[in-house]
Amino acid sequence: LARLERAFTIVSQRLRGQMGATQSEIQLGILKAHLAILEDAELKAKIQDLLHRNQLGAGAAIIAAADHFAGILQHSASVYLQERVLDIRDIAVQLVNELYGKETTNVQPALEHDAVWVAENLSPSQFIALDKQRLKGIVLSQGGSTSHTVILARAFGVPCIVGIPDVHRKLKTG
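Quick summary incoming for the structure in this document. Being a predicted model, the structure only gives us computed values, none of them experimental.

The full count for this structure, using the stated rule, is one aromatic pair. A cation sits over an aromatic face here: Lys132 above Phe127, 4.9 Å from the ring centre. Over the ring of Phe156 we find Lys132; its NZ or CZ atom is 5.3 Å from the centre of that ring.

So, in structure tokens, the structure goes:
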């Protein structure tokens, strides 16, 4: 529980630091949404319940809680709410990374040259970490026009195409 609480604190501090450093109102809004997810009492309670009742490890409890809330959103009639699933998973990955070490999940290479990013999906935190000077476009298998990643791409003037089935299996970033 202490390690879990520490992970929550560090991710919160990182999000607040990013909020203070950004000049983009859109990025600020998305970071605030991520902070709200992180600070959600139900999320913390679900993780702690899974730790105690199911005797899961902290990482497994985080993933299971994220899956629980993602499942609720995925079954929503609202496309907007369905697209918030990636935000929940993004926060879960950040927590797990902080809990076990930053390179345990979703390791992301840096862009060494101008490139179009090709992937199954791209979380908002991954987008924020990319060098916008070298990022010339994004092509994703998953996502929609109201996903936070697409909204960020639009705000930074990065062309973005989503919903191309298996594009990440056919093309590579470059």
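There's plenty left to go through after this.
What follows deals with the packing of helix H1 (residues 2-21) against helix H3 (residues 41-53). For the pair H1 and H3, interaxial distance at closest approach is 12 Å and the crossing angle is 160°. With respect to H3, the element H1 is oriented roughly antiparallel. The handedness of the crossing between H1 and H3 comes out as right-handed. Seen from H1, the contacting residues are Leu4, Glu5 and Phe8; seen from H3, they are Lys44, Ile47 and Leu51.

Here we take up the side chain of Ser24. Checked against the element boundaries, Ser24 lands in the loop between H1 and helix H2 (25-38). Of the residues examined, Ser24 reaches a relative accessible area of 18% and is grouped as buried. There is a polar contact of 3.1 Å between the side chain of Ser24 and the backbone nitrogen of Gln27.

Spatial strand order, S1-S2-S3: three strands in an open sheet with parallel pairing. Every interior strand has two partners, whereas the edge strands, strand S1 (115-119) and strand S3 (160-161), have only one. Note that strand S2 (residues 135-140) and S3 share two bridges and pair parallel. By the bridge assignment, Ile138 is partnered in S3 with Cys160.

Within S2, five of the six residues are buried, which leaves it mostly tucked inside the rest of the structure. The pairing of S1 with S2 spans five bridges and is classified as parallel. Its bridge partner lying in S2, Ala115 is registered against Leu135. Following the backbone out of S1, through helix H7 (residues 124-129) and into the adjacent parallel S2, one traces a crossover that is right-handed. Assessed by its sense of winding, the connection that carries the chain from S2 through helix H8 (residues 148-155) to S3 is right-handed.

So, on to the environment of Lys46. Considering the arrangement of structural elements, one finds Lys46 in helix H3. For Lys46, a relative accessible area of 23% gives the class partly exposed. Separated by 81 residues in the primary sequence, Lys46 and Phe127 place their C-alpha atoms 28 Å from one another. If near-sequence neighbours (up to four positions away) are discounted, Lys46 is found in contact with Ala65, His68 and Phe69.

The interhelical angle for the contact between H3 and helix H4 (residues 58-74), taken along N-to-C directions, is 130°, at an axis separation of 8 Å. One element, H3, and the other, H4, form an angle in the oblique class. The crossing of H3 and H4 is right-handed. When H3 is examined against H4, the residues Glu42, Leu43, Lys46, Ile47, Leu50 and Leu51 are found in contact with a partner set consisting of Ala58, Ala61, Ile62, Ala64, Ala65, His68 and Phe69.

To continue, consider helix H6 (residues 85-100). Over its 16 residues, H6 runs 23 Å from end to end, which matches the ideal 22 Å to within 8%, given 1.5 Å per residue. Of all the 16 residues making up H6, 13 are buried; the element is thus mostly covered by neighbouring parts of the structure. In the segment just after H6, Gly101 is the residue with positive phi, at about 120°.

What counts as what
- Residues numbered from 1 in each chain as written.
- Predicted model: local features only at pLDDT ≥ 70, side-chain atom pairs only at ≥ 80, totals over all residues.
- Heavy atoms only, no water.
- Phe/Tyr/Trp six-rings, centres within 6.5 Å; stacked < 30°, edge-to-face > 60°.
- Lys NZ or Arg CZ within 6 Å of the ring centre and 35° of its normal.
- Axes fitted to C-alpha atoms, helices over the stretch in contact; angles between N-to-C directions.
- Helix = DSSP H or I, 4+ residues; strand = E, 2+ residues; numbered from the N terminus.
- Parallel < 35°, antiparallel > 145°, perpendicular 65-115°, else oblique.
- Left-handed = near helix turned anticlockwise from the far one by under 90°.
- Contact = heavy atoms within 4.5 Å.
- Buried < 20%, exposed > 50% of the residue type's maximum accessible area, 1.4 Å probe, protein only.
- Polar contact = N/O pair within 3.5 Å; in protein donor to acceptor, adjacent residues only side chain to side chain.
- Pairing = 2+ DSSP bridges.
- Right-handed = clockwise from strand over helix to strand, strands pointing away.
- Expected span 1.5 Å × (residues − 1).

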